[in-house]
Amino acid sequence: MSTKAHRFKSIYEDSKDKIFRLCLAFSGNDMEADDLFQEVYIKVWTHLDSFKNESQINTWIYKTATNTALLSIKKRNRTNEHLQQWKHTHFDSEDPMDSYATMDHKMGLLFLAISRLKEDHRIIISLVLENHSYQEISEIVGIPVTHVGVKINRIKKELKKKLKG
Amino acid sequence: MDSDIQNWSQLWSHKKATKLDIVQLSERLQKIEQVDKLKRFFIPVLLISSVAIMVYRLTFNTSNFIAIALVISGFLVSLAPLFRTKSKTLNVATLTNKRYIKLEITRLKGRLDLPKNHFLISCIVIPLGMGIGYFSSLENAALEEHLFGYFILVTLFLALLYLRKLSIKKHQNHLIPIISDLETVLVNLEECTSKYT
């Protein structure tokens, strides 16, 4: 295995869970999340040679992942019909909380609710739930630090509303 | 930390990644990278050597020299936006979301303009170059050969115009909805920035 492949594997092991969660929150279903997840690591591989500052790895990988997710908008246009059908089956039931009694289902509901937010809101809430600081969120998304808190409050209200159905 | 965020964070962290064969993926990517390196080396070498051979053989014929220059310019004009827009999207790993979306919109709009402006220039310049080259070699030819030459050139010109028309339609159907979606994301991001200043 080459040095690059070793480095790639190590980055993958350190980041896979959080990046997958971001992909799932962004896409709202496992199938698209898997595609996006793989696409992110292809981009990571492509840009790995240009990455030097190891201390910035977290911001670097999140910028790669979030930008890739935002560009997946191209694919979402094609699969939107399928997704609408999927959401109808899994989300638009009369009382979603009843059917999501177990933890797995509650978790599914959370990811699905996040995926129904606006794209930038999905990214911000994903970063919040991964315990990123306001400074880091600002650096990844490109909005001023002073506005991150306000934005989070709005997203929180919106997400609560969606979870209540 | 807020209790809602805390609860969601607990649920959130329970989700683990699905299995991705990272060793196989990196091997596949390594192979693609090697092929790309070879392409990057051989394509310019092939292009430069073929142009050099053509120019060398036709140096003493001004018409042919102009013809080749026009055909090459026609191709380069149609390819130029691809290089220009590609260079703007190289920093996926370092750009903020907002900056990245802005550049991506610019890149996609550049692609949208590709058949409109650049292909139009190519549609004119390529048949013109071919015409100059063809007719310079037919100085003493019969009328039928001249007519055949005109027929071929007009057909080529019309075919290129038709391809341009199809290309404009295809680009618009594919790119306009994506550009519009990305612009919505950008507006949302900027709304956040402007609303609280």
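Reading the values: rules and limits
Residues numbered from 1 in each chain as written. Chains lettered and ligands numbered in written order. Predicted model: local features only at pLDDT ≥ 70, side-chain atom pairs only at ≥ 80, totals over all residues. Heavy atoms only, no water. Helix = DSSP H or I, 4+ residues; strand = E, 2+ residues; numbered from the N terminus. Buried < 20%, exposed > 50% of the residue type's maximum accessible area, 1.4 Å probe, protein only. Contact = heavy atoms within 4.5 Å. Areas by Shrake-Rupley, 256 points an atom, 1.4 Å probe, with all protein chains shown as cover. Buried area = accessible area lost by both parts, 1.4 Å probe. Salt bridge = Lys/Arg side-chain N within 4 Å of Asp/Glu carboxyl O. Polar contact = N/O pair within 3.5 Å; in protein donor to acceptor, adjacent residues only side chain to side chain. Expected span 1.5 Å × (residues − 1). Core = buried A, V, L, I, M, F, W, Y, C linked by side-chain atoms within 4.5 Å. Phe/Tyr/Trp six-rings, centres within 6.5 Å; stacked < 30°, edge-to-face > 60°. pLDDT = per-residue confidence, 0-100.

**A closer look at the overall build of chain B**
So, step 1. Helix and strand counts for chain B come out as five helices and zero strands.
So, step 2. The buried share among the 197 residues of chain B stands at 33%.
So, step 3. Considering only contacts in chain B between residues 6 or more positions apart, those separated by 24 or more positions represent 77%.
So, step 4. When the accessible surface of chain B is totalled, it reaches about 12700 Å², and 66% of it is carbon and sulfur.

**Side note on the interface of chain B and chain A**
So, step 1. Contact with chain B, which involves 49 residues of that partner, is made by 65 residues of chain A.
So, step 2. Interface area, chain B with chain A, both sides summed: about 5300 Å², of which 67% is carbon and sulfur.
So, step 3. On the chain B side of the interface with chain A, the three residues burying the most area are Trp8(B), Trp12(B) and Lys15(B), jointly 17% of the side's total.
So, step 4. Between Glu33(B) and Lys4(A) there is a salt bridge whose closest N-O contact spans 2.5 Å.
So, step 5. Viewed at the interface, chain A and chain B are joined by 18 residue pairs in polar contact (both at pLDDT 80 or more).

**As for helix H2 (residues 30–47) of chain A**
So, step 1. Counted at 1.5 Å a residue, the expected span for H2(A) with its 18 residues is 26 Å, and the 26 Å between its end C-alpha atoms agrees.
So, step 2. Where H2(A) starts, the residue carrying a side-chain oxygen 3.2 Å from the main-chain nitrogen of Met31(A) turns out to be Asn29(A).

**Considerations on the environment of Ala159(B)**
So, step 1. Relative to the assigned elements, Ala159(B) resides in helix H5 (residues 143–195).
So, step 2. Sequence separation between Ala159(B) and Cys123(B) is 36 residues; the distance between their C-alpha atoms is 8.9 Å.

**Quick notes on the nonpolar core**
Generally speaking, a soluble globular protein has its nonpolar side chains buried in company with each other.
So, step 1. In terms of nonpolar packing, the biggest core is built from 68 residues, with Phe8(A), Ile19(A), Tyr41(A), Ile114(A), Ile125(A) and Leu159(A) touching the most fellow members.
So, step 2. Broken down by element, the residue count for this core peaks at 11 residues, all from helix H1 (residues 3–27) of chain A.
So, step 3. Setting aside residues up to four positions removed in sequence, Ile114(A) forms contacts with Ala25(A), Arg122(A), Ile125(A), Leu129(A), Leu159(A) and Trp12(B).
So, step 4. Of all hydrophobic cores here, the second largest spans five residues; its members include Leu71(A), Leu95(B), Tyr100(B) and Leu103(B).

**Concerning the packing of aromatic side chains**
Residues and elements named next belong to chain A.
So, step 1. Evaluation of the coordinates by the stated rule reveals 11 aromatic pairs over all chains.
So, step 2. Measuring from centroid to centroid gives 6.4 Å for phenylalanine 8 and tyrosine 41, while their planes differ by 75 degrees, and the two rings are edge-to-face. Remark: tyrosine 41 occurs in helix H2 and phenylalanine 8 occurs in helix H1; sequence separation between them is 33 residues.
So, step 3. When the centroid spacing of 6.2 Å and the interplanar angle of 50 degrees are considered together, the rings of tyrosine 12 and phenylalanine 37 count as tilted. Taken together, the residues tyrosine 12 in helix H1 and phenylalanine 37 in helix H2 connect sequence positions 25 residues apart.
So, step 4. A relative accessible area of 1% places phenylalanine 37 in the buried class.

**Comments concerning the confidence of the model for chain B**
So, step 1. Summarising the model, chain B shows a mean pLDDT of 82, and 88% of its residues fall at 70 or more.
So, step 2. The spread of mean pLDDT over the elements of chain B runs between helix H3 (residues 62–88) of chain B, the lowest at 75, and helix H1 (residues 3–13) of chain B, the highest at 91.

**Things to note about the pattern of salt bridges**
So, step 1. Here the structure, examined in full by the defined rule, presents 10 salt bridges over all chains.
So, step 2. As a salt-bridge pair, Lys16(A) and Glu13(A) come within 3.4 Å of each other at their nearest N and O atoms. Within this pair, Lys16(A) and its partner Glu13(A) are both found in helix H1, separated by three residues, close to a single helical turn.
So, step 3. With a relative accessible area of 40%, Glu13(A) lands in the partly exposed category.
So, step 4. For Asp2(B), the salt bridge goes to Lys156(A), with nearest N and O atoms at 2.3 Å. A residue pair is termed interchain when its members come from two chains, as with Asp2(B) in the segment before H1 and Lys156(A) in helix H9 (residues 145–164).
So, step 5. The network of salt bridges with common partners includes Lys4(A), Asp49(A) and Glu33(B).

**With respect to helix H3 (residues 57–71) of chain A**
So, step 1. With 15 residues, H3(A) should cover 21 Å at 1.5 Å per step; its first-to-last C-alpha distance of 21 Å lies within 8% of that length.
So, step 2. Most of H3(A) sits out of view: 13 of its 15 residues are buried.

**Comments concerning the side chain of His171(B)**
So, step 1. Within the secondary structure, His171(B) sits in helix H5.
So, step 2. In this structure His171(B) touches Arg111(B), Leu112(B), Pro115(B) and Ile176(B), once residues within four positions along its chain are discounted.

**Topic: the confidence of the model for chain A**
When pLDDT drops low, the exact placement of atoms in the prediction is not to be read closely.
Residues and elements named next belong to chain A.
So, step 1. Here chain A shows a mean pLDDT of 83. Residues at 70 or above account for 79%.
So, step 2. Ranking the helices and strands of chain A by mean pLDDT puts helix H7 (residues 119–129) first, with 95, and helix H5 (residues 96–99) last, with 46.
So, step 3. Contacts of residues 93–101 to residues separated by more than four positions or lying in other chains number 13 contacts, the stretch itself having pLDDT below 50.

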